[in-house]
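# Examining the three-dimensional arrangement
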Amino acid sequence: MKRKSFISNILMLIFLFASMSVFSQAPNIPLEDFFRNPEKSSYQISPDGKYFSFTAPYEGRMNIFVQKVGDNTPVRLTSETERDIAGYFWGNNNRILFLKDTGGDENFQLYGVNADGSNLLPLTAFEKVRTTIIDDLPEIESEVIIGLNKRNPQVFDPYRLNIETGELTMLAENPGNIQGWMTDHDGKLRIAIALDGVNQSLLYRDKESDPFRTLITTSFKESISPYYFTPDNQKLYATSNIGRDKEAVVIFDPQTAKEVEVLYENDTYDLSGISYSRKYKRLQAASYQAHEGAKRHFFDKDLKAVFDKVTAKVSGRPISVSSQNKDEDMLIIRTYNDKTPGGYYLYDVKKDELTHIADIYPWIDENNMAEMNCVKYTTRDGLTIEGYLTLPKGYTLETAKNLPVVVNPHGGPWARDSWGFNPEVQFLANKGYAVFQMNFRGSTGFGKKFWEISFKQWGKTMQDDITDGVEWLKKKGIADPAKIAIYGGSYGGYATLAGLTFTPDLYACGIDYVGVSNLFTFLNTIPPYWKPMLDMMHEMVGDPIADKELLESASPVFHVDKIKAPLFVAQGANDPRVNKDESDQMVEALKKRGVETQYMVKDNEGHGFHNEENRFDFYRAMESFLSAHIGK
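Description of the structure in this document. Fair warning: this is a prediction, and the values are worked out from it, not measured in the lab.

### Considering the sheet that holds strand S3 (residues 61-68)
As summarised here, the arrangement of the four strands in space is S1-S2-S3-S4, forming an open sheet in which the pairing is antiparallel. The sheet is open, and its two edges are formed by strand S1 (41-45) and strand S4 (75-76), each paired on a single side. In this structure, S3 lies alongside S4, joined through two bridges in antiparallel fashion. Each residue of the ladder has a partner; that of Val-66, found in S4, is Val-75.

This is the structure we're talking about:
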């Protein structure tokens, strides 16, 4: 008996320790650790490989720093205190160009500064004008090609810009239908993409002095997207879905206006990009987003060897190349996974040496982060939807039962969720919530048909896909039916409002972050440079006249009488995409009905909150709101 009792006690202890291991929870991590500015981020290397640059906080804003390779003393180049630098790149070995806007208005202006911090110049500081980068012209040190909607706010004219003096030379006058421009390997502007109503055309010229001629015209649903000229500047490397469901990498001949070779296509996913070696003048890889993360098909065995070597050095973690020098023998490598945004490394290709530079969030311990599970479910009409379910640490798909859930549809809507680190998701999981993301119909990367079946389906079958995913969670016993919230930004904010409106008994509460409430006013308040795409948007969302009944039925603001659940709305006052009136309408209508509504407006923000202190305010309010309505 004693021996049996002893063995029973041992078995009980083993079970208890096993249970502790399975259900061990992460420590309660401060909200600020998820949403504070990175310690260092956005690393790039100079063309000569002697310096690397990065962004880091200065007085609460992300600014640009430069550091000599092998040195430990960085030099700060910018002193922005109103808003983060929106983006930057090396113009040459001595000069860095950067973009910034005002209060989130997305009218980006281009500035130049020397690598030692001197000669800071506004290059395109025009009021209410947006700057786009067409080509950084790596072979021409003193120039870049940019687009400006200075002459006409609806379209962008291409300019050659001297980055030392600011001298601008217009290369062509946009006739009103050009949506994109592309140069050859000599920096000559030879490709244009035109949009006329719902038809898209590829335009071409043999040299800059020639007029553009139309090569091919298709519906916007089928298109060819050129990336690079072939090394001889005669043909095009492009992705195309013309005559097929998935985007494939092809060679296109402008002289015959025909696709001459298919280089790679994937049966399941669209290709999202291709890379080209300027030094060796060859195509390197095609990339795509699979369910379990980013994937590549290599054309270049040398690049594949680099990826294999570096991946082995970082214990098999996913990697990407963030930047490279002109000789392509010094690379900035980024690591990541679903539990960490990772860090940056300097890789010497010739020496096969990998040197750690910095971690993005060094205060985040990935051992305390939750796993992002890849899941699939079937909709009521038979579609397979790929999604992600992140459970609080300690739970598995088998052990998760009756959890409070935050349903998190993505924005776009013609975008997608992908596997990887997401601070919002990890924050919510750390607070005890399961987080459910899904690539509903219309999400990009899954082929033409999957995209097209979302047209004019806002609040309809697109919303059904979200609802069916929630019902799937309930059926599996993972979700507590009484504790399900829905939260999203932009289109995800619209989906939140639609969820509370059209399935009022499904959700306990909702959080709408810069979301659309009225499809009529949304289509009437788009930025001026979206106006040439309005016919296309009418075909994708709905025409305010021809589809009046459809848009009324799909606009949550007209159906507030159905909403029961409490709502938290957050909005940037300067949002150029989803006008503040979208949120004002909804909040006013709900308050008139006495529905519990919390409203946060930030006067110095646009489409989403970028300033650190505003992020803190938003997520503190979110934490309190969710705690009150779906508990933990």
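Now that the structure has been shown, the text picks up again.
### So, the sheet that holds strand S25 (residues 330-335)
An order of S24-S25-S26-S27 is seen for the four strands of this open sheet, with the pairing classed as antiparallel. Each of the sheet's edge strands pairs with one partner strand only, and the pair in question is strand S24 (319-324) and strand S27 (353-359). Averaged over all neighbouring strand pairs, the angle between strand axes comes to 30 degrees, with direction disregarded. As paired elements, strand S26 (residues 343-348) and S27 share six bridges and run antiparallel to each other. Looking across to S27, one finds that Tyr-344 is bridged to Ala-358.

### Quick look at helix H12 (residues 612-630)
Here H12 contains 19 residues, and its C-alpha end-to-end distance of 27 Å stays within 8% of the 27 Å for a straight helix at 1.5 Å per residue. When H12 is considered as a whole, its buried residues turn out to be Glu-612, Asn-614, Arg-615, Phe-616, Phe-618, Tyr-619, Ala-621, Met-622, Phe-625, Leu-626 and Ile-630. Directly after H12, the chain includes Gly-631, whose backbone phi takes a positive value near 60 degrees.

### Observations concerning the pattern of salt bridges
Per the counting criterion, the structure on display carries 41 salt bridges. Close ionic contact of Glu-539 with Lys-221 constitutes a salt bridge, the shortest N to O distance being 3.2 Å. One end of the pair, Glu-539, is in helix H9 (residues 534-540); the other, Lys-221, is in the loop between strand S16 (213-219) and strand S17 (224-229), and 318 residues separate them in sequence. Residue Glu-292 is joined to Lys-295 by a salt bridge in which the shortest nitrogen-to-oxygen separation is 3.9 Å. Since its relative accessible area comes to 31%, Lys-295 is described here as partly exposed. Taken together, the salt bridges that share partners define one network made up of Glu-32, Lys-602, Asp-617 and Arg-620.

### A closer look at the environment of Pro-74
Examined against the element boundaries, Pro-74 turns out to sit in the loop between S3 and S4. Since its relative accessible area comes to 33%, Pro-74 is described here as partly exposed. Sequence-distant contacts of Pro-74, defined by excluding residues within four places in its chain, comprise Phe-54, Phe-65, Val-66 and Gln-67.

### Section: the pairing of strand S28 (residues 372-378)
With seven bridges joining them, S28 and strand S29 (residues 384-390) adopt antiparallel strand pairing. Bridge pairing in S29 places Cys-374 opposite Tyr-388. Count of turn residues in the S28/S29 antiparallel hairpin: five residues, of which Gly-382 carries a positive phi of about 90 degrees.

### Considerations on the side chain of Lys-602
Here Lys-602 shows up in strand S35 (residues 597-602). A polar atom in the side chain of Lys-602 sits 2.8 Å from the side chain of Asp-617. Contact partners of Lys-602, with chain neighbours within four places excluded, come to Gln-571, Gly-572, Ala-573, Phe-609, Asn-614 and Asp-617.

Definitions and cut-offs
- Residues numbered from 1 in each chain as written.
- Predicted model: local features only at pLDDT ≥ 70, side-chain atom pairs only at ≥ 80, totals over all residues.
- Heavy atoms only, no water.
- Pairing = 2+ DSSP bridges.
- Helix = DSSP H or I, 4+ residues; strand = E, 2+ residues; numbered from the N terminus.
- Axes fitted to C-alpha atoms, helices over the stretch in contact; angles between N-to-C directions.
- Expected span 1.5 Å × (residues − 1).
- Buried < 20%, exposed > 50% of the residue type's maximum accessible area, 1.4 Å probe, protein only.
- Salt bridge = Lys/Arg side-chain N within 4 Å of Asp/Glu carboxyl O.
- Contact = heavy atoms within 4.5 Å.
- Polar contact = N/O pair within 3.5 Å; in protein donor to acceptor, adjacent residues only side chain to side chain.

Such coordinate-based values are descriptive only and should not be taken to indicate function.
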